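Given next are the chains, with one letter for each unit.
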Amino acid sequence: MIYAGIDAGSRSIKAVLFDTSRLQILASGLADQGVEQERLATELFEKLLRDAGLERSQISGVVATGYGRNAIRFADTTITEITCHARGVHQLAPDARTIIEIGGQDSKVIVLEAGGRVRDFAMNDRCAAGTGRFLEMVATRLDMNWEKLSALAQQSTKPAIISNMCVVFAETEIIGLLASGQPLPDVVAGVQNSIATRVAALAGRFISPPVCFTGGVALQSGMARALEEVLACPVRVAPQPQFTGALGAALSAKPANKNGDGGL
Amino acid sequence: MNPAPRKLNLDEWDERYEQLCRDGLREPGYGGSLRRHVVHEKDFRLEQLQFDNSAAALRLWNFLLTENARLHQARARGDKIVGTMKDLGTVPVMAYSLPGVRAFYPDGAWWTPCLMECSDKLLQQAEAMGIDASFCPVRAMLPAFENGEHFPKPDLLICSTGAVCDDFSAIAQRLEHRGHSILWWEMPRRRAPAANEISCALPGNLTAPKIQVDCVRTELQRVGQALGELAGKTLDDDCLAAGIRAANQVRQLLNSLRQTVYSAPAAPLPALEMLVAEMLAIHFCSDHEETIAVLDGLLAEAQARVEQNQFVISADAVRIFWVNPVADLRAMNLLEELGGRICGSDYMFTHALDLIPENLPPLEALARIALADPMVGPTADRAARIVRDCLANRAEAVVVSRIPGASHCAREGEIIREIVRQQIGIPVIELEIPPVCDAMLPTLGSRLQALLETARARRL
């Protein structure tokens, strides 16, 4: 049977079609988030159906997750990102005990029990400094795309120290660093370290290895390394990290459709 | 016949009130419809809240929302008004031991910006007085003292200092600098007795060195003297002992209410009404006798509902232990809307729920209860009580709500989380809830929902 998961995040919408019989992702895709969340999600969902050569009637259930999940009215039910990322990561990396998810607008640390059940979690609710928004601001300021930013960080030899905890003031700091001739790669790597430090503070002392890194920011080269340094343990990037939430939603759709209880 | 328990919005309460009046509702002098607090007092937040539909809950809300008016009436009758600040529940016991003295809690103004949805501009005025948003919303108290639009200016202001909230000390100092004279009394930081020290047992399974108890007792003696001078009557041991018995009557009622509601298979009363009721332990909402009547009514309602197997929240709701009071009352409704219920609480004044020992000299007993304040000791002590209460009430998860700007313990949430996780392994989240949380409702809802999902998954 085929299930769909829609992760309506703050910056982008991700969708996955998953075949539970073959344990296989049939299609996945991503679209920029916007005001008309449901229309954007519907268009993405229909595109995935076309890509996979499927009809809507062949989808046995749809679960929406993410910040905008309640706007996705064609979903059978909604489940939070915590549960969905846990299910998605457990499917891809069953031995993972801690998930670090850094998204566009927030970051989360999720601790799993053996079997993938969520034991506890923490979410950043204070500022953008521990989220992808910080990197986005830097990309905009430097007028470069996400991929180039990532490549640039790889060239750093001595990451800059970004001392400000506020993204708005950190921007001023970054301008100052660049004006003083600090190499660009070092500034970008400094921003990555700053995000990693914020996430480590969020994690506190409840990191249990193996640690799996997921969310769109995990695609940034250097972020996993920055996390490894502050957490002092190996950090593994999930396969297709931007889709783990949507995958978890699709996996949750099966029991949700059967039991009508949100798959929990 | 009483209708089935349910929660009503303000419009529904208008109809319910009319029905209750037709049915012969008898109300105290402060009674009336809830709507009038919006119309006359600009308590706009009530329009966003859900209330229990019982007459007992109506009485509770009217009692809470008429406190300022009742204080003004008491002043007009010649009562002496005492503002007791920071200390949560000890000095009011002393004040109410004297005839013609009414204590209130100016700190309570911290809910005014929430209730009035900031239309009162108290927070902005506090900023203009140099106390900005980096301080706890208790700062609303500062302009409330000056504009006279809320509570009457007290005849005596008493504030504890030392091992209490830094924010509050700063705000109270600013108040004093603006000409409001304050009687300060010192509260030492509670610590465990050293091996060579005489130890005293405190309520709540705590201990402290005798030297600390002696210190607090001496301080309270000074406070008692000032109260006696204000009342024109010596606050002797007999007066105090009677005051302690009266306070214990409230505490016993509250403990029965908490036990009835939190141990029931489903919640017979909503979280919001329980929060307001528990707050009565601190200061009796300026009327000790009426507090007893209000709590009697709530307890009878809760017991009747349990007996009739009628509940306001479903039995399937996730059992949540809630730590710290919320700056926006809406948050308590939100938890229940998402499928949670409160099964235990630590709203920062658990010591005010413990019985004051009646077998000790009165000032000694009050000193011991004051030292048992969770705010004056290590957070680990507080966490230990939370763990005990979570186990006793079968909590499935813990919410530690943060008060924006409050700085009584920066690491409080982390410490509680760590200890709860180690000892009982249930999930804990921290939420920061501002005085009006509307803009944050999706985020708060998402976090609470994630917690409830996690707790439900653990049932399997």
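Fair warning: this is a prediction, and the values are worked out from it, not measured in the lab. (Residues numbered from 1 in each chain as written. Chains lettered and ligands numbered in written order. Predicted model: local features only at pLDDT ≥ 70, side-chain atom pairs only at ≥ 80, totals over all residues.)

This part is about the sheet that holds strand β5 (residues 77–78) of chain A. All names here are of chain A. If you trace the five strands from one edge of the open sheet to the other, you get β3-β2-β1-β4-β5, paired in mixed fashion. The strands lining the two open edges of the sheet, one partner per strand, are β3 (24–32) and β5. In the sheet, strand β1 (residues 2–8) pairs with strand β4 (residues 59–65) via six bridges, with the strands oriented parallel. Looking across to β4, one finds that Gly-5 is bridged to Val-63. Along the sheet, helix α1 (residues 37–52) contacts β1, β2 (12–19) and β3; its crossing angle with β3, the most-contacted strand, is approximately 145°. (Pairing = 2+ DSSP bridges. Helix = DSSP H or I, 4+ residues; strand = E, 2+ residues; numbered from the N terminus. Contact = placed C-beta atoms within 7 Å. Axes fitted to C-alpha atoms, helices over the stretch in contact; angles between N-to-C directions.)

This brings us to the nonpolar core. In terms of nonpolar packing, the biggest core is built from 210 residues, with Leu-60, Leu-227, Leu-295, Leu-298, Ile-320, Leu-366 and Val-398 of chain B touching the most fellow members. Considering each element in turn, this core owes the most residues, 10 residues, to helix α11 (residues 237–263) of chain B. Leaving out residues up to four positions away in the same chain, Leu-60 of chain B has contacts with Glu-273, Val-276, Ala-277, Val-294 and Leu-298 of chain B. Formed by 33 residues, the second largest nonpolar core is a distinct cluster that contains Tyr-3, Ile-6, Phe-243 and Ala-249 of chain A. (Core = buried A, V, L, I, M, F, W, Y, C linked by C-beta atoms within 7 Å. Buried ≥ 20, exposed ≤ 12 C-beta atoms within 10 Å, placed from the backbone.)

All names here are of chain B. Among the six residues of strand β11 (residues 397–402), five are classified as buried, and the element is accordingly described as predominantly covered. With four bridges connecting them, strand β9 (residues 318–323) and β11 associate as parallel partners. In the sheet register, Val-323 faces β11, and the bridge partner there is Val-400.

The next point concerns the domain arrangement of chain A. All names here are of chain A. For chain A, the assigned domains read domain 1 (1–93 + 242–264) and domain 2 (95–237). The centre of domain 1, based on its C-alpha atoms, is set 26 Å off from the matching centre of domain 2. Contacts between the two partners involve 16 residues from domain 1 and, on the opposite side, 20 residues from domain 2. For the side of domain 1 that touches domain 2, the leading source of residues is helix α2 (residues 81–92), giving eight residues. Tallied by class, the residues present in the side of domain 1 that touches domain 2 amount to five nonpolar, eight polar and three charged. (Domains from an automatic or database assignment. Nonpolar A, V, L, I, M, F, W, Y, C, P; charged D, E, K, R; others polar.)

Right, let's talk about the interface of chain B and chain A for a bit. Taken together, the contact between chain B and chain A spans 16 residues of the former and 14 residues of the latter. Those elements that provide at least two residues to the side of chain B that touches chain A are α17 (412–424), β12 (428–432) and α18 (441–457) of chain B. Residue composition of the side of chain B that touches chain A, by class: four nonpolar, four polar and eight charged.

In this section: helix α9 (residues 166–177) of chain B. Residues and elements named next belong to chain B. For α9, which comprises 12 residues, the first-to-last C-alpha distance of 17 Å matches the rise-based estimate of 16 Å (1.5 Å per residue) to within 8%. Those residues of α9 that fall on the buried side of the exposure criterion are Asp-167, Phe-168, Ile-171, Ala-172 and Leu-175. Down the axis of α9, the buried side of the element spans an arc of 125°, and every buried residue falls inside it. Tucked inside the fold, the buried residues of α9 contact β3 (80–85), α8 (141–147) and β5 (156–162). At the C-terminal side of α9, Gly-179 shows a positive phi close to 100°. (Expected span 1.5 Å × (residues − 1). Arc of directions from axis to C-beta.)

All right, on to the sheet that holds β12 of chain B then. Residue and element names in this part refer to chain B. With parallel pairing, the four strands of this open sheet are ordered in space as β10-β9-β11-β12. The sheet is open, and its two borders are formed by β10 (340–346) and β12, each paired with just one other strand. Strand-to-strand, the axes of this sheet are offset by a mean angle of 30°, without reference to chain direction. For β9 and β10, the ladder comprises six bridges, and the chain directions are parallel.

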